[in-house]
Amino acid sequence: MKTKISRWACATLVACLPLVSWAQAWPSKQPIKLVAVFPPGGSVDQVARILSGPLSQQLGQSVVVENKGGASGVIGTASVLSAPADGYTFAVVFDTHGVNQSLMASMPYDSKKDLVPLVLVGTSAMMLSTHASTEYKTFADVVAAAKAKKNVSFGTIGNGSLGHLAMALLAKNGGMEFNHVPFKGGGPLMNDAIAGHIPLTMSTVFLNKPHIDSKRLRPLAVTSAKRVADFPDVPTIAEAGFAGFEAPAWWAVLASAKTPPEIVKRMNEELNKALANPDVSKRLVAQGIEISGGSVEKAKTFIDGQIDTWAKVVRENGIKAD
């Protein structure tokens with residue numbers, strides 16, 4: 001009996017050796033690629049580049065950023081899934097990842113099943129702002145005008161964006177009517193906002209801040225659960241009469257769900273270590289990001305919740321992608 005047990009133990013150990021050796025050797029085969037699923041210059045690109053340096057040092061392996069924009073992040077994310085699931089290709093995504101599954105008629109992957117979140121990098125408030133010349137002095141003024149159906153127009157970075165969906169949710173909860181004006185990104189949106197061509201905008205605090213500082217825009221409310229440190233006098237939408245309302249922008253790092261669990265665990269640990277780096281923290285906070293971090297399970301719970309929340313808003317409002 002002892003001989004049989006000994007033989008079984010040895011066989012099991014030998015069978016596991018290739019897996020153990022391979023996991024311990026990672027990463028050594030090639031550079032690690034962080035696919036930023038939006039073009040250069042935006043927040044996703046910045047997050048990927050801020051993380052790449054510390055990760056390279058920690059892992060002892062080159063970590064490079066590759067931008068693959070298009071289709072609100074779908075093209076870049078799909079490219080990660082088409083690569084080998086060997087721990088050398090990861091996606092850096094934006095909050096559009098939580099919307100695409102319900103917004104687009106067809107998808108090359110299932111956002112929940114085919115991907116595993118490695119870490120929730122952080123979140124940021126969206127902000128409703130107005131041109132300094134408008135009659136909207138407070139968020140209550142906007143609510144009153146929208147309830148009176150006074151053709152209240154607002155701009156966002158695009159149809160089906162988080163800003164668009166947040167306003168659709170707000171309208172449904174409050175019995176209001178808004179006219180959505182989609183723009184092709186943050187640059188065109190803010191150009192028209194500061195020129196006074198669009199009375200209201202719903203976009204990230206980061207996009208708004210320089211124009212609020214210059215007094216060209218006036219902040220009215222934020223979509224986060226708590227007030228933003230840079231704007232302590234600006235109320236949250238929740239405390240302005242819509243209890244429980246929350247619509248954060250967010251960033252995360254994902255991998256193929258087929259990635260070996262040992263690598264998923266290691267990358268989660270390394271990403272959390274990078275997020276704790278003082279230089280990384282400083283640079284992300286400067287982007288208007290409140291750092292989250294934490295476990296794979298925490299990231300999955302958050303992202304799956306976002307997918308479910310916005311799927312309901314898309315269905316109830318009949319929102320379609322451009």
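Details of the structure are given in the entry above.
A short tour of the structure in this document, coming up.

Calculation criteria
- Residues numbered from 1 in each chain as written.
- Predicted model: local features only at pLDDT ≥ 70, side-chain atom pairs only at ≥ 80, totals over all residues.
- Heavy atoms only, no water.
- 1 Å grid on protein atoms, 1.4 Å probe; cavity = no way out; pocket = protein on both sides within 12 Å on 5 of 7 lines; lining within 4 Å.
- Points joined across faces, edges and corners; volume = space filled by probe spheres on them.
- Helix = DSSP H or I, 4+ residues; strand = E, 2+ residues; numbered from the N terminus.
- Nonpolar A, V, L, I, M, F, W, Y, C, P; charged D, E, K, R; others polar.
- Phe/Tyr/Trp six-rings, centres within 6.5 Å; stacked < 30°, edge-to-face > 60°.
- Buried < 20%, exposed > 50% of the residue type's maximum accessible area, 1.4 Å probe, protein only.

## Observations regarding the layout of surface pockets
To locate leftover empty space, one rolls a probe as large as a water molecule over the atoms.
Move 1: Estimated volume of the largest pocket: approximately 1,000 Å³.
Move 2: In terms of lining, the largest pocket is formed by 43 residues, of which the most central are Phe-38, Phe-94, Ile-157, Gly-185 and Gly-186.
Move 3: Those elements that place two or more of their residues in the lining of the largest pocket are helix H2 (43-59), helix H4 (100-103), helix H6 (162-174), helix H7 (186-194), strand S8 (200-204) and helix H8 (205-213).
Move 4: Top contributing element to the lining of the largest pocket by residue count: H2, with four residues.
Move 5: Looking at the lining of the largest pocket, its residues break down into 19 nonpolar, 20 polar and four charged.
Move 6: Roughly 570 Å³ of internal volume is contained in the second largest pocket.
Move 7: Around the second largest pocket sit 25 residues that line it, and Thr-123, Ser-124, Ala-125, Gly-288 and Glu-290 are the ones nearest its centre.
Move 8: Contributing elements (two or more residues each) for the lining of the second largest pocket: strand S4 (115-124), H8, helix H10 (278-286) and strand S11 (290-291).

## Some words on the packing of aromatic side chains
Move 1: Scanning the entire structure with this criterion turns up six aromatic pairs.
Move 2: With 6.4 Å between their ring centres and 65 degrees between their planes, Trp-26 and Tyr-88 make a pair best called edge-to-face. Taken together, the residues span a long stretch of sequence, with Trp-26 in the loop between helix H1 (2-25) and strand S1 (32-36) and Tyr-88 in the loop between helix H3 (74-82) and strand S3 (89-94) at a distance of 62 residues.
Move 3: Under the relative-accessibility criterion, Trp-26 is labelled buried at 3%.
Move 4: Judged by relative accessible area, Tyr-88 falls into the buried class, the value being 4%.
Move 5: Measuring from ring centre to ring centre gives 6.1 Å for Phe-139 and Phe-242, while their planes differ by 75 degrees; the resulting arrangement is edge-to-face. Here Phe-139, found in helix H5 (residues 139-147), pairs with Phe-242, found in the loop between strand S9 (217-222) and strand S10 (249-256); they are 103 residues apart in sequence, far enough to count as distant.
Move 6: In this structure Phe-242 comes out as buried when scored by relative accessible area, which is 12%.
Move 7: One aromatic cluster is present, built from ring pairs that chain together Phe-38, Phe-94 and Trp-251.

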